[in-house]
Amino acid sequence: MKIVLQHLTKKFPSRNKKSRGEVTAVNDFTFEIPDGKLVGLLGPSGCGKSTTLNLICGLLSPTEGKIFFGDDDVTKLPPENRGVGLVFQNYALYPHLTVSKNIMFPLENLKGAAKLSKEEMNRRALEAAKLVQIEGLMDRKPKELSGGQQQRVAIARALVKMPRVLLLDEPLSNLDARLRLQTREEIRRIQRETQITTVFVTHDQDEAMSISDLIVVMKDGIVQQIGAPQEVYDNPVNLFVAKFLGTPPINLFDGRVEKGMLYIGNDALFAAPNAPEGAVTVAIRPEGFILKEDGPLHCALVRLEVMGRDVSIVSTNACSESENVRSIINTENTLDLNSKIVRFALKPQKVFLFHKETGERILF
């Protein structure tokens, strides 16, 4: 089931008594979510991603714009008639009901021709439980389950209705790091098996990039960039997207283009003939550094951090916008720890230029 959002806008009354205006949570969002794909809505807290999810499921009504499921206009359709499954951040399980009853609960509320027999409800609940691999826990209460198991119950409850669309609102934020990794892999497996169109809201860019077919990066209610995760990472359209994606974060420097050459301080990095002359922000991915004795970029060595297969060189540079510069190199590279200066060559495809004032990408 494809989802089409047309000029979707949501405004709320301002809570500031001195200002009677409105707050725009989602601003002119237009996007088509392909059938059977998993799309990650990504951005910092307050960017409008959860509001967008609530508009899709019908918990909020848009101020402007329309929502289509396939060819059906569902903009004014109540949530219970949209055929969506919703998984909340806090699981929202009924503590007095068993796992089986929690999963079955949406089916018990079906009325009229849609009403199911008890046998059919039990069969569907068991199928949903098997899909998330908790069929052996059906008689337990939520308090007897781990956080990851509770999350699986919530997902099974959303799937038992066989929804047209599955919506996940930061479903992993209450789990520890190892469980987050395991559960996000399970979500991806379930989505691929069911082929249900899924929208996954998160502020964690690692989660979004690892399981999404497409990611939508948002800021202040406005869509910044839409694309395949690797494409967005490799070709950010502006400084916000470049900074938001990547672990460790991208390194930022005050630079300039002078006579067709890109400089950081007095270091001439490489030719940038198509870039406009003047001051720019230079952004370099941590993996974009090449340790080289005669490299053009000079940094002051602080320390090494060994991370298994890779080494993180922590250094400083007077033109860096942050205290430290982080460069990821292979452990096979050698570095003289007694050296005070470390020199790098750069991978041009890992270096981005941005306008100082607007933050927009400069292609060179």
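Residues numbered from 1 in each chain as written. Predicted model: local features only at pLDDT ≥ 70, side-chain atom pairs only at ≥ 80, totals over all residues. Heavy atoms only, no water.

**Looking at the state of the cysteines**
Selection rule: Pairs of cysteine sulfur atoms within 2.5 Å are what we label disulfides.
Following the criterion strictly, the structure yields zero disulfides and no others. Cysteine Cys-57 is unpaired, with the sulfur of Cys-47 as its nearest cysteine sulfur at 16 Å.

**Observations regarding the sheet that holds strand β5 (residues 72-73)**
Our working definition: Each pair of strands is called paired provided DSSP finds at least two bridges between the two strands. Secondary structure elements are taken from DSSP: a helix is a run of H or I of four residues or more, a strand is a run of E of two residues or more, and numbering for both begins at the N terminus. Contact between two residues is taken to exist if any of their heavy atoms lie within 4.5 Å; hydrogens are not considered. As a rule, the C-alpha atoms of each element are fitted with a line to give its axis, helices using only the stretch in contact, and angles between N-to-C directions run from 0 to 180 degrees.
One open sheet holds the four strands; their spatial order is β2-β1-β4-β5, and the pairing between them is antiparallel. Whereas interior strands pair on both sides, the edge strands pair on one side only; in this sheet they are β2 (22-33) and β5. Bridge count for strand β4 (residues 64-69) against β5 is two bridges, and the pairing is antiparallel. Among the inter-strand pairings, Phe-69 is bridged to a residue of β5, identified as Asp-72. Contacts from helix α1 (residues 49-57) reach β1 (3-13), β2 and β4, with the element oriented near 115° to β1.

**Structural notes on the pairing of strand β14 (residues 278-284)**
On a regular strand, one side chain projects to one face of the sheet and the next to the other, so that they alternate. The condition that has to hold: A simple rule labels every residue: compare its accessible area, found with a 1.4 Å probe on the protein chains alone, to the largest value its type can have, and call it buried under 20%, exposed over 50%, or partly exposed in between.
Of all the seven residues making up β14, five are buried; the element is thus mostly covered by neighbouring parts of the structure. In this structure, β14 lies alongside strand β20 (residues 351-355), joined through five bridges in antiparallel fashion. The residue bridging Ala-283 from the neighbouring strand is Phe-352, located in β20.

**Quick notes on the pattern of salt bridges**
Should their charged atoms come close, side chains of opposite charge can pair. Our working rule: For this document, the term salt bridge refers to a Lys or Arg side-chain nitrogen within 4 Å of an Asp or Glu carboxyl oxygen.
Using the criterion set out here, one finds 16 salt bridges in the structure. A salt bridge links Glu-258 to Arg-256; the shortest N-O distance between them is 3.1 Å. The partly exposed category is assigned to Glu-258, whose relative accessible area is 35%. Between Glu-321 and Lys-356 there is a salt bridge, and its shortest N-O distance comes to 4.0 Å. Of this pair, Glu-321 sits in the loop between β17 (310-316) and β18 (325-330) while Lys-356 sits in the loop between β20 and β21 (361-362), placing them 35 residues apart in sequence. The class of Glu-321 is partly exposed, set by a relative accessible area of 44%. Through salt bridges with shared partners, one network takes in Glu-120, Arg-123, Arg-124 and Glu-127.

**Points about the sheet that holds strand β16 (residues 297-306)**
The strand order across the open sheet built from five strands is β15-β19-β16-β17-β18, with neighbouring strands paired in antiparallel fashion. On the outer flanks of this sheet lie β15 (289-291) and β18, each paired with one strand and no other. Between one strand axis and the next, the sheet turns through 50° on average, direction left out of account. Bridging between β17 and β18 involves six bridges; their strand directions are antiparallel. Along β18, the bridge assignment pairs Ile-313 with Ser-327.

**Some words on the side chain of Thr-198**
As for its position among the elements, Thr-198 is in strand β8 (residues 197-202). The exposure class assigned to Thr-198 is buried, which follows from its relative accessible area of 1%. Beyond its immediate sequence surroundings of up to four residues, Thr-198 is in contact with Lys-37, Leu-38, Val-39, Leu-166, Leu-168 and Gln-191.

**Description of the nonpolar core**
Formally: Think of a nonpolar core as a cluster: buried Ala, Val, Leu, Ile, Met, Phe, Trp, Tyr and Cys residues, connected wherever their side-chain atoms sit within 4.5 Å.
In terms of nonpolar packing, the biggest core is built from 35 residues, with Ile-103, Ile-134 and Ile-187 touching the most fellow members. Of all the elements in the fold, those that place two or more residues in this core are α2 (99-108), α3 (118-131), α4 (147-159), β7 (165-169) and α5 (177-194). Those residues in contact with Ile-134, other than ones at most four positions away along the chain, are Val-99, Ile-103, Ala-129, Arg-152 and Val-153. Core analysis: the second largest hydrophobic core is formed by 27 residues, Val-257, Ala-272, Cys-299 and Leu-353 among them.

**Looking at α5**
Residue pairs three or four apart in sequence face the same way in an α-helix, which turns once every 3.6 residues. The cut-off we apply is this: What a helix is expected to span follows from its residue count: subtract one and scale by 1.5 Å.
Between its terminal C-alpha atoms α5 stretches 26 Å, which fits the 26 Å expected from 18 residues at 1.5 Å a residue. For α5, the full list of buried residues reads Leu-179, Arg-180, Thr-183, Arg-184, Glu-186, Ile-187, Arg-188, Ile-190 and Gln-191. Packed against the buried residues of α5 are β3 (38-42), α3, α4, β7, β8 and α6 (205-211). In the stretch just after α5, Gln-195 is the one whose phi turns positive, near 60°.

**Describing α1**
Counting buried residues in α1 gives eight out of nine residues, a clear majority hidden from the surface. Of all the residues in α1, the buried ones are Lys-49, Thr-51, Thr-52, Leu-53, Asn-54, Leu-55, Ile-56 and Cys-57.

**Observations regarding the packing of aromatic side chains**
Two measures describe an aromatic ring pair: the distance that separates the ring centres and the angle between the ring planes. So the rule is basically this: The criterion for an aromatic pair is that two Phe, Tyr or Trp rings (for Trp, the six-membered ring) have centres within 6.5 Å, with stacked assigned to planes under 30 degrees apart, edge-to-face to planes over 60 apart and tilted to the rest. The criterion is that NZ of a Lys, or CZ of an Arg, lies within 6 Å of the ring centre and within 35 degrees of the ring normal, and then a charge sits over that ring.
Here the structure, examined in full by the defined rule, presents five aromatic pairs. Judged by centre distance (6.4 Å) and plane angle (20°), the ring pair of Phe-29 and Phe-31 falls under stacked. Looking at Phe-31, the relative accessible area reads 10%, which means it is buried. Between Phe-270 and Phe-364, the aromatic rings sit 5.9 Å apart at their centres with planes inclined by 15°, giving stacked as the arrangement. With a gap of 94 residues between them, Phe-270 in strand β13 (residues 267-271) and Phe-364 in the segment after β21 connect regions that are remote in the sequence. For Phe-270, a relative accessible area of 16% translates into the label buried. For Phe-364, a relative accessible area of 28% gives the class partly exposed. Just above the ring of Phe-12 sits the side chain of Lys-10; from NZ or CZ to the centre is 5.2 Å. Note that Arg-285 overlies the ring of Tyr-233, its terminal NZ or CZ placed 3.9 Å from the centroid.

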